[in-house]
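# Notes for the structure review
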Amino acid sequence: MTHWLDALPDTRVLRDPAQTAGFRHDESHVRGPEPLAVIKPRCREGLRELVRRASSEGFTLVPRGAGSGKAGGCVPDARSVVVDLSDWPGSITVNTANLTLSAPASAGLAAVKEHADAQGLWYPPDPNSWPLCSFGGSLATNAGGPNACKYGMTRRWVLSVEALMADGEVHRFGIDSVKQNTGPNLAQLMVGSEGVFGMILGATVALIPRPREHLTLLLPLPDMALLPALPAQLFAAGFLPSALEFWDSAVLADLRQHGTDDARRLPGEALVLLEFDDPGCSHTGFLEPLLDALGPLAADAQVATTGAQREALWAVRRMTSVHLKQRFPRKVSEDVVVPRDRLPEFFARLAALDAKTVSYGHLGDGNLHVNLLHAGELEGTALDAALDPLFALCIELGGTLSGEHGIGLAKREAFLKHTDPFAIAALRGIKQALDPKGVFNAGKVF
Ligand SMILES: Cc1cc2nc3c(=O)[nH]c(=O)nc-3n(C[C@H](O)[C@H](O)[C@H](O)COP(=O)(O)OP(=O)(O)OC[C@H]3O[C@@H](n4cnc5c(N)ncnc54)[C@H](O)[C@@H]3O)c2cc1C
């Protein structure tokens, strides 16, 4: 007899464990069991029937984009059907009159950015995974990246969202305009919801004209102690970088010893990648006051003078996470946030924590990728206990558990522990109102 899953219209179904094995994990340390199935829908009728079945038979639908997430948000449990949206139909369109771009969830973020670029426009969100992650996944995680310190996160750019909700229907929240103020914004509620309220099928985002110039500098620091004060030093002099990324001495040492040829040449005791996109930033009238503001640190600054040099610097930044993962497959990568004025205190106290960590990331907005190199060998409460001093420190300093990766499964316990119970009850109330039977990504986040 044909299984009802195989009768879903225009939908591919994978149930052979050899085909579904790759869907038991994302890029975090979290691993799940074999799901009931993995499905790749292509039409609304199939989704409608799937929601009806999930609701009546009590299984959950786990939305999945490219699986590059770092919080275990798309990792299934044994009562899950993974809904891989990579076959979802639709095309990317740019509306130059409205300065908007519309795309299906299945589009690659790289393709979204290319379509904007082809019209001389720009979609700023730039998670370092932009060459591999999906548009839908970037919306569901409210992805941020290096230029969030100037341009904010994905949320800031989302105008309207089309989503499959628990009634089995596709709804459109918001309109394609930067001005809309008709009460609480459901489109924004879907952004960063990690698939727990519904499934995003497409969205319209705002674009801006592409910056015409960039100034990219590699700034080697002779002493790690100079690093944490750098953002404040630049802001005080009137500079707002479009990216201010860093590597600490431990990551640098590893990259120099085991990295690519470019990585082996990285200078400094700590290192900063600094980028500006202000009009005129490629001229000496901008560079000279900047070097003045950097003072003695400017002595060893290397300025990328060609597009190829700029790209080579960013390639090293993008591969840092991949390099560490290859070197330390059981590493646990955190993405904590510390307010920028507390960074000096954070780094001083991080060194005193009883954990072997290496750090790199987005210094410009205080979003730090602190990696515990062997913590993935721990499980359950032992892992939670190993991570807790780091989270407690960030929260004490006015920061939080995640700046961009989200909560998923990886940080669920810590999120419940460190969040105001009123806020958790409010989130659960919203879940109950939107998805009373737990059709979407049950057991994640809260
Ligand atoms: C090398 C590397 C670098 C990275 N750098 C960054 C970075 O700089 N900034 C950053 O923010 N992240 C970064 N990430 C994490 C990750 O790439 C982003 O979170 C990305 O946005 C996830 O997209 P995805 O398509 O892979 O989503 P997935 O991993 O497939 O899913 C992520 C979450 O979103 C949900 N989801 C996916 N699609 C949908 C949908 N259509 N509707 C509803 N829910 C959905 C899933 O259920 C899950 O909870 C990095 C990851 C890697 C491997």
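My aim in this report is to walk through the structure given alongside it, one point at a time.

Reading guide: rules and limits
- Residues numbered from 1 in each chain as written.
- Predicted model: local features only at pLDDT ≥ 70, side-chain atom pairs only at ≥ 80, totals over all residues.
- Helix = DSSP H or I, 4+ residues; strand = E, 2+ residues; numbered from the N terminus.
- Rg over C-alpha atoms; globule rule 2.2 N^0.38 Å.
- Buried ≥ 20, exposed ≤ 12 C-beta atoms within 10 Å, placed from the backbone.
- Contact = placed C-beta atoms within 7 Å.
- Axes fitted to C-alpha atoms, helices over the stretch in contact; angles between N-to-C directions.
- Parallel < 35°, antiparallel > 145°, perpendicular 65-115°, else oblique.
- Nonpolar A, V, L, I, M, F, W, Y, C, P; charged D, E, K, R; others polar.
- Near = placed C-beta within 6 Å.
- Pairing = 2+ DSSP bridges.

### Structural notes on the overall build of the protein chain
- The helix and strand tally for the protein chain stands at 15 helices and 19 strands.
- Against the compact-globule benchmark of 22 Å for 446 residues, the protein chain has a radius of gyration of 22 Å, which places it among compact chains.
- Looking at the 446 residues of the protein chain, the share that counts as buried comes to 46%.
- For the protein chain, contacts bridging at least 24 residues in sequence account for 71% of all contacts bridging at least 6.

### Observations concerning the packing of helix α8 (residues 249–258) against helix α11 (residues 307–327)
- Running from N to C, α8 and α11 point in directions that differ by 75°, and their axes come no closer than 11 Å. Taken together, the axis directions place α8 and α11 in an arrangement best described as roughly perpendicular. Contact residues: α8 offers V251, D254, L255 and H258, while α11 offers T320, H323 and R327.
- Of the residues in the contact of α8 with α11, the class split is two nonpolar, three polar and two charged.

### Comments concerning unusual backbone geometry
- With phi around 55°, L99 is a residue other than glycine that occupies positive phi space.
- Relative to the assigned elements, L99 resides in the loop between β5 (93–95) and β6 (100–104).
- Unusually for a residue other than glycine, N441 sits at a positive phi of about 45°.
- As for its placement among the helices and strands, N441 is situated in the segment after α15 (421–434).

### A few points about the site of the ligand
- What surrounds the ligand is a group of 38 residues, the closest being G65, G69, G73, G136 and G137.
- Residue assignment for the shell around the ligand shows that the elements contributing at least two residues are β3 (60–64), α4 (135–140), β10 (199–206) and α11.
- Broken down by class, the residue content of the shell around the ligand amounts to 13 nonpolar, 19 polar and six charged.

### Some remarks on the sheet that holds β3
- The sheet built from four strands is open, its strands ordered β1-β2-β4-β3 with mixed pairing. Edge positions in the sheet fall to β1 (11–14) and β3, since each has one partner strand and no second. Sheet twist, expressed as the mean angle between neighbouring strand axes with direction ignored, is 25°.
- Relative to strand β4 (residues 80–84), strand β2 (residues 37–41) runs parallel, the two sharing three bridges. Paired with V38 across the two strands is V82, which belongs to β4.
- On the sheet, helix α2 (residues 44–57) packs against β1, β2 and β3 and is oriented at approximately 140° with respect to β3.

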